[in-house]
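Letter by letter, the chains look like this.
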Amino acid sequence: MKKSTIWILAAIMAFAFFGLLYLQITYLRESIRLRSDQFDGAINRSLYQVSRNLELDQTKKYLNEAFIETQKKQTAAYNRSLTLRNQLQEETVTQQQRFKVIAPDGSEFNAEYSTSSTVQSRPKSQVFQPPSKSGTNAISKTIFDMQDEQKKRFLYESEIMNEVANRIINTASNLPIEERVNLKGLESSIRNEIKSNGIELPFQYEVVDRNEKPIYQQPLFSVKNKRDYYPQPLFPNDPPDKVAYLKVYFPDKDSYLFSEVSFLYPAILFTFILLVTFIIMIYITFRQKRLSEMKSDFMNNMTHELKTPVSTISLAAQMLKDGSISKSPEVFKHISGVINDETERLSFQVEKVLQMSLFEKQRATLKLKELDANDIVVTVANTFQLKVEKFGGNLDIDLEATESAINADKMHFTNVLFNLLDNAVKYRREDVPLELMIRTWNSNNKLYISIEDN
């Protein structure tokens, strides 16, 4: 597979994984936001109902007091009217009755009133006569009087209601909030209201005035951020300068919101694991691709590097067959040295082949040791001299370097020099005798080696 194809597939898979991860994170954030809005709405409704209940309780209290007072006034007025009527009758029978009055709030008080009736005697022989016209007018007048009495009673009760309303507005708002509300008892009221909205979380609260001065505060009440509490005015119909505010804080709000979407965490975790696994697989793929290319390059180079010493040894063996060579000890020694050097070089190549198995395990290391570059140059030149002379060329060396010690791998460093010289021979010009020059010199505390050809 081509490297470009691998990059395209990797890009597509990365885009898909990051897109999926982005969608999951976006869905998680949106779920938390919606859950937070629902939580805020439920808490605001609960606190509004708490404030509303306080207003209703206060109104009920004043209505109960007004009801009891009105009952007492009506009882006294009724007793006075009966007494006056009884005084105008010649023959009356007076009865006194005692009873209990129960107010809407459950309180009781005793009341009594007297009833009187006129007793008249009538002869037994008297026969019942149908009512006359004057009697009919009397009945109509009685009905009219009853309706008028009900109207007056209605107007009187309306006046009582207005009086109570004015008392609530004028009197209650002038009282301190501590006398109007049981501030410690607000905790149970708040807990019941938020529970009715499906929320059961620990909370803290305080009551402050309009200047943010605490009026009542729960022990250990602390808010890190002012945006974390929920404010609610108590008795919002009071004058603005007397309105108190209830502030409620939920320390575990964040954990509550995140617990509602906890099912998304494993999905994001698995997606992240798949992404990491994909990245590792891409890395391994590119590494295997690189190792494959290294093997291919190695085989190509090894073929070239094995042919050079083999051809040199073959050339030296042919020269040994020449009878004149055996008569010259120096030439014979030189050719024998070349064969020995090339044989050693072949053993290096074999060792290099064996080391390739270590490349896959990434354990291949260079065998560095201190060498004399001038000595290696001389050895390479002597070995390569036979091949250059075969093609009618000339090889010269110029060792100007005085500090030639280096730290290198002998096999690889020698191969570099042999490859450069071999390329010069392989790509020489057929019509021009080959001229090669190997030079060494020092400059700026460095060792320079150059191989020149024509």
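Since the structure is predicted, the reported quantities are computational estimates derived from the model, not experimental observations. Along each chain, residue indices are assigned from 1 in the same order as the chain's sequence is written. Local features in a predicted model are, by the rule used here, given only for residues with pLDDT of at least 70; side-chain atom pairs are given and counted only at 80 or more, and totals for whole chains, interfaces and linings are based on all residues. Side-chain calculation: all heavy atoms of the structure are included, whereas hydrogens and water are not.

Caption draft 1: Summary view of the overall build of the protein. Helix and strand labels come from DSSP, where a helix needs a run of H or I of at least four residues and a strand needs a run of E of at least two; each type is numbered from the N terminus. In terms of helices and strands, the protein carries 10 helices and 11 strands. The contact criterion used is simple: two residues touch if any of their non-hydrogen atoms lie within 4.5 Å. Pairs at least 24 residues apart make up 71% of the contacts formed inside the protein by residues separated by at least 6 positions. Residue-level accessible areas treat just the shown protein chains as cover; the underlying method is Shrake-Rupley with a 1.4 Å probe. By element, 56% of the accessible surface of the protein is carried by carbon and sulfur atoms, the whole surface being about 30,700 Å².

Caption draft 2: How the structure looks around the packing of aromatic side chains. Centre distance within 6.5 Å is the pairing criterion for rings of Phe, Tyr and Trp, where only the six-membered ring of Trp is used; planes under 30 degrees apart are then read as stacked, over 60 as edge-to-face, and the remainder as tilted. Under the criterion given, the structure shown has 10 aromatic pairs. Aromatic pair Trp 7 and Phe 286: ring centres 4.7 Å apart, planes at 45°, arrangement tilted. Pair noted here: Trp 7 is in helix H1 (residues 3-88) and Phe 286 is in helix H6 (residues 264-320), with a separation of 279 residues, a long-range link. Ring geometry for Phe 39 against Tyr 256: centres 5.6 Å apart, planes inclined by 50°, an arrangement best described as tilted. On the criterion of sequence distance, the pair formed by Phe 39 in helix H1 and Tyr 256 in helix H5 (residues 253-260) is long-range, its members being 217 residues apart. Neither residue differs from the other here; Phe 39 and Tyr 256 are each classed as buried. Among the aromatic residues, those joined into a ring-pair cluster are Phe 39, Phe 203, Tyr 230, Phe 250 and Tyr 256. Each residue is assigned to one of three classes by its accessible area relative to the maximum for its type, calculated with a 1.4 Å probe on protein chains only: buried under 20%, partly exposed between the two thresholds, exposed over 50%.

Caption draft 3: The arrangement of the nonpolar core in detail. Residue types Ala, Val, Leu, Ile, Met, Phe, Trp, Tyr and Cys, when buried and joined through side-chain atoms within 4.5 Å, form a set referred to as a nonpolar core. Core analysis: the biggest nonpolar cluster contains 27 residues, and Phe 39, Leu 186, Ile 190, Leu 246 and Phe 250 have the highest contact counts within it. Those elements that provide at least two residues to this core are H1, helix H4 (186-196), strand E3 (204-208), strand E5 (229-234), strand E6 (244-249) and H5. The element best represented in this core is H1, accounting for 6 residues. Residues within four places of Leu 246 in sequence aside, it is in contact with Leu 47, Val 50, Leu 186, Ile 190, Tyr 205, Glu 206, Val 207, Tyr 230, Pro 231, Gln 232 and Leu 234. In this structure, Val 377, Val 380, Leu 417 and Leu 434 belong to the second largest nonpolar core, which totals 20 residues.

Caption draft 4: How the structure looks around the side chain of Ser 46. Position of Ser 46 among the secondary structure elements: in helix H1. Relative accessible area serves as the criterion here: at 1%, Ser 46 is assigned to the buried category.

Caption draft 5: Quick look at the sheet that holds strand E8 (residues 394-399). By this definition, two strands are paired if DSSP reports at least two bridges between them. Strand order in the open sheet formed by 3 strands is E8-E10-E11, with mixed pairing between adjacent strands. Both outer strands of the open sheet, E8 and strand E11 (446-453), are each paired with one neighbouring strand and no more. Neighbour to neighbour, the strand axes of the sheet diverge by 10° on average, direction disregarded. Looking at chain direction, E8 and strand E10 (residues 435-443) are connected through 6 bridges and run parallel. Its bridge partner being in E10, Asp 396 is matched across the sheet by Met 437. For helices, the fitted line uses only the C-alpha atoms of the stretch in contact; every axis is such a line through C-alpha atoms, and the angle between N-to-C directions lies from 0 to 180 degrees. Here helix H9 (residues 373-390) sits on the sheet in contact with E8, E10 and E11, set at roughly 170° to E8. The strands that helix H10 (residues 410-426) touches are E10 and E11; relative to E11, the one it contacts most, it runs at about 25°.

Caption draft 6: Seen up close, a nonpolar patch on the surface. A cluster of nonpolar side chains, contributed by Phe 272, Val 276, Ile 280, Met 281, Tyr 283 and Ile 284, occupies part of the molecular surface with about 580 Å² of accessible area. By the secondary structure assignment, Ile 284 is in helix H6. The exposure class assigned to Ile 284 is partly exposed, which follows from its relative accessible area of 35%. Without a salt bridge and with relative accessible area above 30%, a residue can belong to a patch; like charges are then joined within 9 Å and nonpolar side chains (Val, Leu, Ile, Met, Phe, Trp, Tyr) within 5 Å. In the sections that follow, a salt bridge refers to a side-chain nitrogen of Lys or Arg positioned within 4 Å of a carboxyl oxygen of Asp or Glu.

Caption draft 7: Summary view of the pattern of salt bridges. Taken as a whole and judged by the stated rule, the model has 10 salt bridges. The partner of Asp 40 in a salt bridge is Lys 253, with the nearest N and O atoms 3.4 Å apart. With a gap of 213 residues between them, Asp 40 in helix H1 and Lys 253 in helix H5 connect regions that are remote in the sequence. Judged by its relative accessible area of 18%, Lys 253 falls in the buried class. Among the salt bridges present, the one from Asp 431 reaches Arg 429, with a minimum N-O distance of 3.9 Å. Shared partners join several salt bridges into a network, and the residues in it are Glu 30, Arg 33 and Asp 37.

Caption draft 8: View of unusual backbone geometry. The backbone of Phe 235 sits at a positive phi, close to 55°, despite the residue not being glycine. Looking at the element boundaries, Phe 235 is found in the loop between E5 and E6.

Caption draft 9: Inspection of the packing of H6 against H10 at higher detail. At a minimum axis distance of 11 Å, the contact between H6 and H10 shows a crossing angle of 80°. The orientation of H6 with respect to H10, classified from their angle, is roughly perpendicular. Contacts between H6 and H10 involve His 304, Glu 305 and Thr 308 from the first element and Asn 415, Phe 418, Asn 419, Asp 422, Asn 423 and Lys 426 from the second. Its residues assigned to classes, the contact of H6 with H10 shows 1 nonpolar, 5 polar and 3 charged. Any angle that is under 35 degrees is reported as roughly parallel, and any over 145 degrees as roughly antiparallel; angles of 65 to 115 degrees are reported as roughly perpendicular and all others as oblique. Ten residues, namely Ala, Val, Leu, Ile, Met, Phe, Trp, Tyr, Cys and Pro, are considered nonpolar, four, namely Asp, Glu, Lys and Arg, are considered charged, and the remaining ones, Gly among them, are considered polar.

Caption draft 10: Summary view of the sheet that holds strand E4 (residues 214-217). One open sheet accounts for 4 strands, arranged E4-E3-E6-E5; its pairing is antiparallel. Taken across any chain shown, the strands that pair with only one partner, and hence form the sheet edges, are E4 and E5. Geometrically, the sheet is characterised by an average inter-axis angle of 20° between neighbouring strands, direction not taken into account. Judged from the 6 bridges that link them, E5 and E6 form a sheet pairing that is antiparallel. Its bridge partner being in E6, Leu 234 is matched across the sheet by Ala 244. Contacts from H4 reach E3 and E6, with the element oriented near 120° to E3.

Caption draft 11: Representation of the environment of Ile 199 within the structure. Here Ile 199 is to be found in the loop between H4 and E3. For the pair Ile 199 and Ala 42, spaced 157 residues apart in sequence, the C-alpha separation works out to 8.1 Å. Dropping the residues within four chain positions of it, Ile 199 is found in contact with Phe 39, Ala 42, Ile 43, Ile 194 and Tyr 256.

Caption draft 12: Spotlight on H5. Turning to H5, its buried residues are Lys 253, Tyr 256 and Leu 257. Along H5, the residues classed as buried sweep out an arc of 95° about the axis, all on the same side. Here the arc refers to the set of directions running from the helix axis out to each C-beta atom.

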